Amino acid sequence: MGLLIQIIVSGVAAGAVYGLIATGFALVYRLTGVIHFALGELVGLAVFATLYAASGAGAVTQSNLSVLRYLLCLVVGIAVAIVSGVLFFLIGVRPFLRRSSTIGWVGGAVAITFVVRGLLEASFRRESYVFPDPFPFHRIAHDGLLDLGGGASIPVRTFFVIGIAIGLAFLAGWFLNSTRTGRGLRAIAADEEAARLMGVPVDRLFLVAFALAGAIAGLAAIIAAPQAPVTVETGALLGLKGLVVAMFGRFELPRRVLVAGLAVGVVEALVTSGHVGDFRLGPAYRDIVPLTLALAALAVGR
């Protein structure tokens, strides 16, 4: 029983991050009809911008970096993701939206995605990097672990990830439903032409949407990156899973994509660590199963 709880809780933590990233996809898609293909790369960009601000392309540890400086580096990483999100819209999306060219914005988005990936690969050549945890969870319980008995334990950080990711997803929903800017964004999503006729600043709010997506990417990086060594592919993989979750949730904000994210995370954890008798898929199938389910869902038109 302890192992099952450990699997489910760890899956919920991973799924909460996927749901948060899916919220960024859903936000942009609902407002513009654009799939933000570069969102995963913005997660990676935020991670490596933080690391670069901390020590260039070298190794970063909690022992060689003061808390204050690291917090400033985290702000730099989030700011880079926000600015990059805005630039992504201005350069890769807006010119083609104005011409109603779907092929244009898809091509622009993919091109920018490869530019960001190439920049990261050229600048960070180590096999992997450690993203230090900004919070001292290792001082809580038994070196940051909660003992569940039966040989099972859960990192304290897991509950932090779950709480923050779910809280941010619901904050995005509150922003859309309860603020003036959010209501403007919803008006655009309902009928862009009517919103323009009513004086809603559509172009400016589009910028806000892509900036928010960038902020979500930066926050997702801070939440998810300290859990394991990161590579230049980390952000892209998180982005792909976030897109899968957004598709499962039909790009609905925020509850549906969040629930879809939690479900995908639990499935991943069960595939990785669960077993029925002697049958077990294992970590090799961790990323394959959710993507296969997404393809199946698309194939049947759900």
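This text goes with the structure placed above it.
Owing to the predicted nature of the structure, the values given are computational and were not obtained by experimental measurement.

Q: Before we go on, may I ask you to explain the pattern of salt bridges in this structure?
A: Pairing between side chains of opposite charge can happen when the charged atoms of each approach one another. Per the stated rule, a full pass over the model turns up four salt bridges. Among the ionic pairs, Arg98 bridges to Asp203, the shortest N-O distance being 3.5 Å. Here Arg98, found in the loop between helix H3 (67-97) and helix H4 (102-123), pairs with Asp203, found in helix H8 (residues 202-224); they are 105 residues apart in sequence, far enough to count as distant. Glu268 serves as the salt-bridge partner of Lys241, at 2.8 Å between the closest nitrogen and oxygen. Of this pair, Lys241 sits in helix H9 (residues 234-248) while Glu268 is found in helix H10 (residues 255-273), placing the two residues 27 residues apart along the sequence. The class of Glu268 is buried, set by a relative accessible area of 1%.

Q: Looking at this structure, how should I read the side chain of Thr158?
A: Within the secondary structure layout, Thr158 lies in helix H5 (residues 156-178). A relative accessible area of 8% places Thr158 in the buried class. Every residue in contact with Thr158, bar those within four places of it in the chain, is listed here: Val9, Ser10 and Ala13.

Q: I'm lost on the environment of Ile35 in this one. Help?
A: With respect to the element layout, Ile35 can be found in the loop between helix H1 (2-32) and helix H2 (39-55). Among the residues examined, Ile35 registers a relative accessible area of 21% and is labelled partly exposed. The sequence separation of Ile35 and Gly24 amounts to eleven residues, and the corresponding C-alpha distance is 9.8 Å. If sequence neighbours within four positions are ignored, Ile35 has contacts with Phe25, Tyr29, Trp105 and Leu243.

Q: How should the packing of aromatic side chains be read in this particular structure?
A: Note on aromatic pairs: each is described by the distance of the centres and the angle between the planes. Inspection of every chain in the model, using the stated rule, returns nine aromatic pairs. Ring geometry for Phe48 and Tyr129: centres 5.6 Å apart, planes at 90°, overall edge-to-face. Linking Phe48 in helix H2 with Tyr129 in the loop between H4 and strand S1 (145-149), this pair joins segments that are 81 residues apart in sequence. On the basis of relative accessible area, Tyr129 is assigned to the buried category, the value being 5%. Both rings, one in Phe89 and one in Phe206, keep their centres 6.0 Å apart while their planes meet at 75°; by these two values the pair is edge-to-face. Taken together, the positions of Phe89 in helix H3 and Phe206 in helix H8 put the pair 117 residues apart, joining distant regions of the chain. With relative accessibility at 0%, the residue Phe89 sits in the buried group. A relative accessible area of 5% places Phe206 in the buried class. Taken together, the ring pairs connect Phe48, Tyr52, Phe124 and Tyr129 into an aromatic cluster. It is Arg126 that lies over the ring of Tyr129; its NZ or CZ is 5.5 Å from the centre.

Q: Looking at this model, I keep getting lost on the packing of H3 against H8. Mind explaining?
A: Angle between the axes and distance between the axes: these two values describe a pair of packed helices. Running from amino to carboxyl end, H3 crosses H8 at an angle of 140°, the nearest separation of the two axes being 7 Å. On the basis of their axis angle, the class for H3 and H8 is oblique. For the element pair H3 and H8, the recorded crossing hand is right-handed. Here H3 contributes Leu74, Ile78, Ala81, Ile82, Gly85, Val86, Phe88, Phe89, Leu90, Val93 and Leu97 to the contact with H8, which in turn contributes Asp203, Phe206, Leu207, Phe210, Ala211, Gly214, Ala215, Gly218, Leu219 and Ile222. Partitioned by chemical class, the residues of the contact of H3 with H8 number 17 nonpolar, three polar and one charged.

What counts, and where the lines are drawn
- Residues numbered from 1 in each chain as written.
- Predicted model: local features only at pLDDT ≥ 70, side-chain atom pairs only at ≥ 80, totals over all residues.
- Heavy atoms only, no water.
- Salt bridge = Lys/Arg side-chain N within 4 Å of Asp/Glu carboxyl O.
- Helix = DSSP H or I, 4+ residues; strand = E, 2+ residues; numbered from the N terminus.
- Buried < 20%, exposed > 50% of the residue type's maximum accessible area, 1.4 Å probe, protein only.
- Contact = heavy atoms within 4.5 Å.
- Phe/Tyr/Trp six-rings, centres within 6.5 Å; stacked < 30°, edge-to-face > 60°.
- Lys NZ or Arg CZ within 6 Å of the ring centre and 35° of its normal.
- Axes fitted to C-alpha atoms, helices over the stretch in contact; angles between N-to-C directions.
- Parallel < 35°, antiparallel > 145°, perpendicular 65-115°, else oblique.
- Left-handed = near helix turned anticlockwise from the far one by under 90°.
- Nonpolar A, V, L, I, M, F, W, Y, C, P; charged D, E, K, R; others polar.

These figures come from the coordinates and say nothing about function on their own.
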